[in-house]
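One letter stands for each residue in the lines below.
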Amino acid sequence: MNILVIADAQRYDELQQRDLSRHQVQWRTSLEEVLSVKAFDLVIDLIFDDRPDHAAVYARNPGVPVLAGIVKTSLSQVMNDYAFEQGFNIMGCNFLPGFISLPLLEVTLMDDGQQEVLADIMYQLHWEYTLVADATGMVTPRVVCMIINEAYLTAQEGTASRADIDTSMKLGTNYPLGPFEWCERIGVKHVYEVLKAVHDATGDDRYEVAALLQTEYEAI
């Protein structure tokens, strides 16, 4: 396939851990650098969460499927915000930093009609995936960010140090990373924005951002 990748350097580097050598890949840091997406068989937009306005371009090119990083909103919201009169071509993926290279990719679809297209794309990419419901935060990012938030609450209470919290979580739950290690990998900005988006969408107090995490986000 002829693939267009829209990504910042960090996420593009992580994408390289997936083998795309069978395909022609062009990397751009901005969609504005691309004359036409019609020249491509697939678009992988790792930064869609931060540039949802890309949807307007994709809506004008319904014949080109798009794997887009959509964790901070939902596909249904994207569809409502932009006119997809000729067909909805975006499939939501968990492309947060730290998750891109994981063996199993979380994907959400707008409707069952996209399943065949997705299956064909994943077969050609040799990627394993699992379908999850269309909801802000998806599944794994919600869980991981909520655990990170709880760790920040514990740290701001002075109950334990960050290193002790990481160590106890890894020993007690057999997690490969502690919550602060996860936060460093994902980035404070993304963790905060996922939590805020999920809290705004659900009203669930479990996702209310810890004061210490908010302070670190505002200091970026």
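All values reported here derive from a predicted model rather than from experimental measurement. (Residues numbered from 1 in each chain as written. Predicted model: local features only at pLDDT ≥ 70, side-chain atom pairs only at ≥ 80, totals over all residues. Heavy atoms only, no water.)

J.: Could you give an account of the sheet that holds strand β1 (residues 2-6), naming the residues involved and the relevant values?
T.: Here we have seven strands laid out as an open sheet, ordered β2-β1-β3-β4-β5-β6-β7, and mixed in their pairing. Edge positions in the sheet fall to β2 (24-28) and β7 (128-131), since each of these pairs with one other strand and no more. Shown here is a sheet whose adjacent strand axes are inclined to one another by a mean of 25 degrees, direction ignored. As paired strands, β1 and β2 are joined by five bridges and run parallel to one another. Bridged to Asn2 within β2 is Gln24. (Pairing = 2+ DSSP bridges. Helix = DSSP H or I, 4+ residues; strand = E, 2+ residues; numbered from the N terminus. Axes fitted to C-alpha atoms, helices over the stretch in contact; angles between N-to-C directions.)

J.: So what about the environment of Asp166? Which residues, and what values?
T.: In this structure, Asp166 sits in helix α6 (residues 162-173). Overall, Asp166 belongs to the buried group, its relative accessible area being 10%. Among all residues touching Asp166, those that are not within four sequence positions of it are Gly178, Pro179, Phe180 and Glu181. Among the polar contacts listed, one links the side chain of Asp166 to the backbone nitrogen of Glu181, at a separation of 3.4 Å. (Buried < 20%, exposed > 50% of the residue type's maximum accessible area, 1.4 Å probe, protein only. Contact = heavy atoms within 4.5 Å. Polar contact = N/O pair within 3.5 Å; in protein donor to acceptor, adjacent residues only side chain to side chain.)

J.: I'd love a proper account of the pairing of strand β5 (residues 90-93), names of residues and values included.
T.: Note on strand geometry: in a regular strand, side chains alternate between the two faces of the sheet. The side-chain alternation of β5 yields two buried faces, one formed by Ile90 and Gly92 and the other by Met91 and Cys93. In terms of strand pairing, strand β4 (residues 66-69) meets β5 through four bridges, oriented parallel. When the bridges of β5 are listed, Leu67 appears paired with Met91. The parallel pair β4 and β5, bridged by helix α3 (residues 75-81), forms a crossover whose chirality is right-handed. Looking at chain direction, β5 and strand β6 (residues 104-108) are connected through two bridges and run antiparallel. Each residue of the ladder has a partner; that of Cys93, found in β6, is Val107. (Right-handed = clockwise from strand over helix to strand, strands pointing away.)

J.: Describe in detail the UniProt feature "domain: 3-hydroxyacyl-CoA dehydrogenase C-terminal" (unreviewed entry) in the protein, supporting the description with residues and values.
T.: Listed under "domain: 3-hydroxyacyl-CoA dehydrogenase C-terminal" (unreviewed entry) in the UniProt record, and renumbered for this structure, are residues 137-215. When the span residues 137-215 is considered, its composition is 73% helix and 0% strand, and the gap between its end C-alpha atoms is 22 Å. (UniProt positions renumbered as here; feature names shortened; annotations may be inferred.)

J.: Outline the packing of aromatic side chains, listing residues and values.
T.: Tallying each qualifying case throughout the model produces six aromatic pairs. For the cation-ring pair, Arg185 lies above Trp182, with the distance from its terminal atom to the ring centre recorded as 6.0 Å. (Phe/Tyr/Trp six-rings, centres within 6.5 Å; stacked < 30°, edge-to-face > 60°. Lys NZ or Arg CZ within 6 Å of the ring centre and 35° of its normal.)

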